[in-house]
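# Examination of the molecular architecture
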Amino acid sequence: MGKITKLVGAAGAVAGTAYLSKSENRKKVKAQLNKAAEKLNSKYVRNLGKPSEIDDAEMVDEGAMTSVRYYNKLQQKSLDSKH
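Please read these numbers as outputs of a predicted model, since none were measured by experiment.

Bringing the pattern of salt bridges into the picture now. Using the criterion set out here, one finds 1 salt bridge in the structure. Of the charged contacts, one joins Glu24 and Lys28 as a salt bridge, the two residues approaching to 3.6 Å between their closest N and O atoms. In this pair, Glu24 and Lys28 both sit in helix H2 (residues 23-40), 4 residues apart, roughly one turn of the helix. Assessed through its relative accessible area of 53%, Glu24 is described here as exposed. In this structure Lys28 comes out as partly exposed when scored by relative accessible area, which is 44%.

And the structure:
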């Protein structure tokens with residue numbers, strides 16, 4: 001399986017190099033990358049996952065801590081049972 005993966009990767013690299021050897025194709029790819037970068041830098045994307053209200057932010061924080069505490073407790077029980 002590893003040989004096939006390496007072969008496909010090498011073929012992809014060769015195909016990409018061949019495609020980008022033309023100036024016109026490089027310009028197209030650069031334009032698409034710039035368009036994608038603009039979308040990723042938009043205010044909407046930067047604020048994803050950030051609650052707009054303080055109460056919501058506290059709830060998210062408490063929820064995150066609850067799951068972390070639960071995980072840590074399970075890990076500690078697992079370590080205690082091994083000893």
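Another aspect to go through is the confidence of the model for the protein chain. Chain-level pLDDT for the protein chain is 80 on average; 73% of the residues reach the 70-or-more range. Helix H1 (residues 2-20) holds the highest mean pLDDT among the elements of the protein chain, 93, whereas helix H3 (residues 43-46) holds the lowest, 68.

Conventions we followed
- Residues numbered from 1 in each chain as written.
- Predicted model: local features only at pLDDT ≥ 70, side-chain atom pairs only at ≥ 80, totals over all residues.
- Heavy atoms only, no water.
- Salt bridge = Lys/Arg side-chain N within 4 Å of Asp/Glu carboxyl O.
- Helix = DSSP H or I, 4+ residues; strand = E, 2+ residues; numbered from the N terminus.
- Buried < 20%, exposed > 50% of the residue type's maximum accessible area, 1.4 Å probe, protein only.
- pLDDT = per-residue confidence, 0-100.

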